[in-house]
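Understanding the architecture of this molecule
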Amino acid sequence: MKPVTEYSNVKNGIIEMYEVSKRDLESGNNRVVIDFNHSLGERISHIADSNPEGSGYGAKIIERLSFDLNRKYGKGFSKRSLFDSRKFYQTYKTAKLDYRLSWSHYRILMRIKDADSRKKWEKLTGDGELSRRELSSKLIAERLIIANKAEALTRPKGELNHYRVHPEFFLKSAPRVQYLDLGFNLFSEYLLSESDNK
């Protein structure tokens, strides 16, 4: 089958699958969301992994699918979400899925490389009813996953940092209010008098 025809078949199959599941997906039906992402990942993997053009082909397919599907539906098919669906399928191909866990839980759990550790945490999460945030914090603390950017932006504890402002900070042509970036999303305002600006 030609790549263009194959791509069209996969895209049309995803559109058909989405149209059938749309109402349940939008209402947040957990089982439907998980099954949809598993099937979506299977379709993406089928076309991305079977092409002889190499590993870069999968990223190109996902980028194209994201563009085409978002053009049709407006949102909901970011490259990140399509990559996650593909990884979800690759991680849980034939595994029995636990519907006590949400899609958000699975997006975290599939980042655990070791299959035995992943199964252990799936059970702990399902039995203990851990929230997505609790699960993520525990896995980062256990060093089983690396914090993503949002998780990494926590305020450090311990020693305060000291900053010294360089004299060039206060330039003659400076505006009346200067901002100094202190890190950790903090800044300090320096109000300058008229004489400082001269």
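For clarity, every value in this text was computed on a predicted model and none was experimentally measured.

**Some points on the packing of aromatic side chains**
- Scanning all chains against the criterion turns up eight aromatic pairs.
- Centre to centre, the rings of Tyr18 and Tyr73 are 4.5 Å apart; their planes meet at 65°, and the pair counts as edge-to-face. Of this pair, Tyr18 sits in helix α1 (residues 3-27) while Tyr73 sits in helix α3 (residues 56-73), and the two are 55 residues apart along the sequence. Each member of the pair, Tyr18 together with Tyr73, is buried.
- Ring centres 5.3 Å apart and planes at 55° place the aromatic pair Phe88 and Tyr92 in the tilted group. Each member of the pair, Phe88 as well as Tyr92, carries the same accessibility label: buried.

**A closer look at the nonpolar core**
- In this structure, Leu65, Phe88 and Tyr106 are the most contacted members of the largest nonpolar core, which totals 37 residues.
- Sequence-distant contacts of Leu65, that is, excluding residues within four places in its chain, are made with Tyr7, Lys11, Ile14, Ile44 and Leu82.

**Observations concerning the pattern of salt bridges**
- In this structure the tally under the stated criterion is seven salt bridges.
- Put simply, Arg64 and Asp68 hold a salt bridge, and the shortest N to O gap is 4.0 Å. Taken together, the positions of Arg64 and Asp68, both in helix α3 and four residues apart, correspond to about one turn of that helix.
- Given a relative accessible area of 13%, Asp68 falls into the buried group.
- Ionic pairing is found between Arg107 and Asp84, a salt bridge with its closest N-O pair at 2.5 Å. One end of the pair, Arg107, is in helix α5 (residues 103-109); the other, Asp84, is in helix α4 (residues 79-91), with 23 residues separating them in the sequence.
- Judged by relative accessible area, Arg107 falls into the partly exposed class, the value being 30%.
- Take Asp84: its relative accessible area is 10%, and that puts it in the buried class.
- Salt bridges here are not isolated pairs; linked through shared partners, they connect Asp98, Arg100, Lys123 and Asp127.

**Structural notes on the confidence of the model for the protein**
- Averaged over every residue, the pLDDT of the protein is 77; the share at 70 or more is 69%.
- Low pLDDT (under 50) marks residues 151-156, which in the prediction has seven contacts with non-local residues, meaning those over four places away or in another chain.

**Here's the deal with the packing of helix α2 (residues 30-49) against α4**
- Between α2 and α4, the least distance of the axes is 7 Å, while the angle of their chain directions is 90°. In terms of orientation, α2 lies roughly perpendicular with respect to α4. For the pair α2 and α4, the contacting residues are Ile34, Asn37, His38, Leu40, Gly41, Glu42, Ile44, Ser45, Ala48 and Asp49 in the first and Leu82, Ser85, Arg86, Phe88, Tyr89 and Gln90 in the second.
- Looking at the contact of α2 with α4 residue by residue, the class counts come to seven nonpolar, six polar and three charged.

**Here's the deal with α2**
- Here α2 is 20 residues long and its end C-alpha atoms lie 28 Å apart, about the 28 Å a rise of 1.5 Å per residue gives.
- Residues of α2 that are buried: Val32, Val33, Ile34, Phe36, Asn37, His38, Leu40, Gly41, Ile44, Ser45, Ile47 and Ala48.
- The backbone nitrogen of Arg31 lies 3.2 Å from a side-chain oxygen of the residue at the head of α2, namely Asn29.

Calculation rules
- Residues numbered from 1 in each chain as written.
- Predicted model: local features only at pLDDT ≥ 70, side-chain atom pairs only at ≥ 80, totals over all residues.
- Heavy atoms only, no water.
- Phe/Tyr/Trp six-rings, centres within 6.5 Å; stacked < 30°, edge-to-face > 60°.
- Helix = DSSP H or I, 4+ residues; strand = E, 2+ residues; numbered from the N terminus.
- Buried < 20%, exposed > 50% of the residue type's maximum accessible area, 1.4 Å probe, protein only.
- Core = buried A, V, L, I, M, F, W, Y, C linked by side-chain atoms within 4.5 Å.
- Contact = heavy atoms within 4.5 Å.
- Salt bridge = Lys/Arg side-chain N within 4 Å of Asp/Glu carboxyl O.
- pLDDT = per-residue confidence, 0-100.
- Axes fitted to C-alpha atoms, helices over the stretch in contact; angles between N-to-C directions.
- Parallel < 35°, antiparallel > 145°, perpendicular 65-115°, else oblique.
- Nonpolar A, V, L, I, M, F, W, Y, C, P; charged D, E, K, R; others polar.
- Expected span 1.5 Å × (residues − 1).
- Polar contact = N/O pair within 3.5 Å; in protein donor to acceptor, adjacent residues only side chain to side chain.

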